[in-house]
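# Secondary and tertiary structure notes
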Amino acid sequence: MRTFDIVIIGSGIAGGFLARQLRLACPDLGVLVLEAAEAMEDYKVGESTVEVAANYMVRRLNLGTYLYQHQLPKNGLRFFFDSPDKDLPLPRMSEIGSDHMPFHPSFQLERARLERDLVTMNRAAGAEVELGAKVVDVAIDGRGRHTVVYEQGGERREVACRWVCDASGRRHVLFRKLGVKVHKEARLNTAAAWGRYRGVAGLDGVTDAAWRSRARYTSRHLSTNHFMYDGYWIWFIPLAGDLMSVGVVFDKDRIGAGNVPAGALPGPRTRAEFERFLGAHRAARELLEGAELEDFQSYAHLPYHAEQYFSTDRYAVTGEAGAFTDPFYSPGSDFIATANEFITQMILSDVRGDRAGFEEKVAAYDAYYRFKYDSTLRLYERMYPVFGSFELYRLKYLLDFNNYYNLVVWPFMADRVTDVGWIREELKFTDLVLRALSTMGEHFASLASDLRARGEYFAQNEGRFANGLNGVAQLETRLGPAIDERFRREQVDRAYGSVFAALVERRLGEQGLSDRARLVSELTLPQVLVFRDITPERLARLLQRIGERMTKELREELPDAGIERLELGASGVISVTGPAEGTKAHADALSRARALWDASAGSLAHIAL
């Protein structure tokens, strides 16, 4: 019986990346990859990567040259918004996107080619990769060697190993053999259908001069393009060569069979339904004119999770073998990067004989990965009814994009993610983070319902452009190997304060409220969390507290004015009591109070516009 240090089940990007990382990190490790497919030819979904995965591929896997030579660079995420009748031509749709390539790279992956190339690269690096090798049994021995049995070419073969890592995707080979339950997620009820088209002209084929110039002629084609609707979204992702990945993700509770609002189509499940669904949207229909649909696939349900991902019995899962949330924001490859980083560090500790270090890593990494799943899921929970409104989603994206760069990308780039001490500190804030995500989700969903009832949900869906990169410009020169924890905390408060103030302004109709420095600075994350309901009474209490603080400042600045109280009322009304009205003291106090109240917060919600 042949013996290896690690057997990896599956040679998709999760397994292929892990094999490469292990061989680069420790060339003495014996790595066997067992792939059930006879050839790596499947056009898999999940082509879009974002910054964590890109950093992992370039910095950890040394794939930068390969990616720029054989895959496509990505021009960030881009979002388009339509009319209620889905009849706007592309140049008239409101848009969120960049006007230049983002400052940290990401890529669009033609998965079949990448996975074929990984087989070649991993074999060249000393890993054994067996194609057509279907794993039929796994026996885990926590005290000795594991056994993996596979069938290949009509023969049954058996190998022994110290570690088993499952990268088999939704087949969940290891969990099925171990009897570990994979839970179908009930908090988010989404499904997807997609295919690859050949002969799509692409977004850069649109020649409208004003539309092209507003994005400074940057390539929209290279973006992950989202067409946003109430309850679903459509993606257009370019792939190397003449291919375009096009898909629909929909909330079954909102547009599933039997749950279709007036004027909407049910979510597509078959190839014919998929083509009919796309054809009902003018922008998608015009982009696909003359194109050929080469293949079609669908998933009836997207999100799921397990209760454990890494074990001291020396097994682990990576990628979709363990959990999946939703393809929105393209987090799948980020999960792969994080899991592979964890698995590599656990294996290195184990093979070096550091039992204590190995056990603490397993515990910390597993807890963090479960938290990562839960926090990511809450980004999407209740959000599908928000997606179709430019006005709402612009704020949602602003908050999510800031938190992603600040709280996810930065620690990964600084190698804090595998630091057990850092993870333990982060996990202390688990409850705070999850409550923040849920609270903001509730506010967004409530405002969406209000705007829909007022007939204002689609009010800003035509003719507007928001540069998404402007909202994270302050992070451009900060991200790197050194973490500035104070700056990170300040950015969290600034993002939540900016977005929440804008939600309050819109919900209560208080124009001009959202860029007042006094208000935004008051809305730190802890304060946002206790602001459970956006009501006039809640706002009045907040303004009273701000007024009390401003009263104290005015008394210190104008000690002889006899100021008793400053009051902030609705619609920006300010009153000062104490000095007699008509006196210079009253006029000076009121002028200073207005200057303090009118000071700009430099709100991210306004900068992004």
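Residues numbered from 1 in each chain as written. Predicted model: local features only at pLDDT ≥ 70, side-chain atom pairs only at ≥ 80, totals over all residues. Heavy atoms only, no water.

## Some words on the sheet that holds strand β14 (residues 232-239)
Consider a sheet: its strands pair through backbone hydrogen bonds, and that pairing is either parallel or antiparallel. With respect to topology, eight strands assemble into an open sheet ordered β16-β12-β15-β14-β13-β4-β5-β20, the strand pairing being mixed. Both edges of this open sheet fall to β16 (292-299) and β20 (465-467), since each of them pairs with a single strand only. Adjacent strand axes in the sheet meet at a mean angle of 15 degrees when their direction is disregarded. The sheet contacts of helix α12 (residues 390-413) involve β4 (77-81), β5 (94-97), β13 (224-229) and β20, and relative to β5 the element is tilted by about 5 degrees. (Pairing = 2+ DSSP bridges. Helix = DSSP H or I, 4+ residues; strand = E, 2+ residues; numbered from the N terminus. Axes fitted to C-alpha atoms, helices over the stretch in contact; angles between N-to-C directions. Contact = heavy atoms within 4.5 Å.)

## A few points about the packing of helix α14 (residues 430-454) against helix α15 (residues 485-508)
In helix packing, the relevant descriptors are the interaxial angle and the interaxial distance, both defined with respect to the helix axes. As a packed pair, α14 and α15 sit with axes 11 Å apart at the nearest point and diverge in direction by 30 degrees. Between α14 and α15, the interaxial angle falls into the category roughly parallel. With respect to the hand of their crossing, α14 and α15 are arranged in left-handed fashion. Here Ala436, Leu437, Met440, His443, Phe444, Ser446, Leu447, Asp450, Leu451 and Arg454 of α14 lie close against α15, whose contacting residues are Tyr496, Val499, Phe500, Leu503, Arg506 and Arg507. The residue inventory of the contact of α14 with α15, partitioned by class, reads 10 nonpolar, two polar and four charged. (Parallel < 35°, antiparallel > 145°, perpendicular 65-115°, else oblique. Left-handed = near helix turned anticlockwise from the far one by under 90°. Nonpolar A, V, L, I, M, F, W, Y, C, P; charged D, E, K, R; others polar.)

## Some words on the nonpolar core
Core analysis: the biggest nonpolar cluster contains 173 residues, and Ile8, Phe17, Phe79, Phe310, Tyr393 and Leu519 have the highest contact counts within it. At 14 residues, α12 tops the list of elements feeding residues into this core. Once residues within four sequence positions are removed from consideration, Leu519 is found in contact with Ala501, Leu513, Leu539, Leu542, Leu543, Ile546 and Trp597. Listed in part, the 30 residues of the second largest apolar core include Phe80, Leu90, Tyr197 and Ile255. (Core = buried A, V, L, I, M, F, W, Y, C linked by side-chain atoms within 4.5 Å. Buried < 20%, exposed > 50% of the residue type's maximum accessible area, 1.4 Å probe, protein only.)

## Focus: the environment of Met244
Position of Met244 among the secondary structure elements: in strand β15 (residues 243-251). Given a relative accessible area of 3%, Met244 falls into the buried group. C-alpha of Met244 to C-alpha of Glu110: the two residues are 134 residues apart in sequence and 9.7 Å apart in space. Beyond its immediate stretch of four places on either side in the chain, Met244 contacts Gly195, Arg196, Tyr197, Val200, Gly202, His221, Phe236, Ile237 and Pro238.

## Comments concerning helix α2 (residues 51-60)
With seven of its 10 residues buried, α2 lies for the most part within the structure. Taken as a whole, α2 has its buried residues at Glu51, Val52, Ala53, Ala54, Asn55, Tyr56 and Met57. Those residues of α2 that are buried lie in contact with α1 (13-25), α3 (64-70), β6 (107-108), α10 (332-351) and α12. Asn62 occupies a position one or two residues after α2 and carries a positive phi of about 55 degrees.

## Topic: the pairing of strand β10 (residues 155-166)
As defined by bridge partners, strand β1 (residues 2-9) adjoins β10 across seven bridges and the pair is classed as parallel. If you follow Ile9 over to β10, its bridge partner there is Asp166. Here strand β9 (residues 146-152) runs beside β10; their pairing, made up of seven bridges, is antiparallel. Bridged to Val148 within β10 is Val159. In textbook terms, the turn of a hairpin is the stretch between consecutive antiparallel strands, and for β9 and β10 this stretch comprises two residues, one of which, Gly153, has a positive phi near 60 degrees.

## Some details on the pairing of strand β21 (residues 565-568)
Covered by surrounding structure in β21 are Leu566 and Leu568 only, the residues Arg565 and Glu567 on the alternate face being uncovered. Bridge count for β21 against strand β22 (residues 574-577) is four bridges, and the pairing is antiparallel. Bridge pairing in β22 places Leu566 opposite Val576. Once β21 ends, the chain turns through five residues before running back antiparallel as β22, passing Ser571 with a positive phi of about 60 degrees.

## So, the pattern of salt bridges
Note on pairing: side chains with opposite charge can pair once their charged atoms come close. Tallied over the entire structure, the rule returns 47 salt bridges. A salt bridge links Arg378 to Asp374, with the nearest nitrogen and oxygen atoms 3.6 Å apart. Of this pair, Arg378 and Asp374 are both found in helix α11 (residues 355-380), four residues apart, which corresponds to roughly one turn of the helix. (Salt bridge = Lys/Arg side-chain N within 4 Å of Asp/Glu carboxyl O.)

## Considering the packing of aromatic side chains
What characterises a pair of aromatic rings is the spacing of the ring centres plus the angle enclosed by the ring planes. According to the stated counting rule, one finds 41 aromatic pairs in the structure shown. An angle of 45 degrees between the planes, with centres 5.4 Å apart, marks the rings of Phe274 and Phe296 as tilted. Of this pair, Phe274 sits in helix α8 (residues 271-279) while Phe296 sits in strand β16, placing them 22 residues apart in sequence. Phe274 sits in the buried class, given a relative accessible area of 0%. According to the relative accessible area criterion, Phe296 is partly exposed, its value standing at 21%. The ring of Phe335 has Lys372 lying over it, and the distance from NZ or CZ to the ring centre is 5.0 Å. The ring of Tyr457 is capped by Arg452, whose NZ or CZ atom sits 4.6 Å from the centre of that ring. (Phe/Tyr/Trp six-rings, centres within 6.5 Å; stacked < 30°, edge-to-face > 60°. Lys NZ or Arg CZ within 6 Å of the ring centre and 35° of its normal.)

All we've got here are geometric facts, nothing functional implied.
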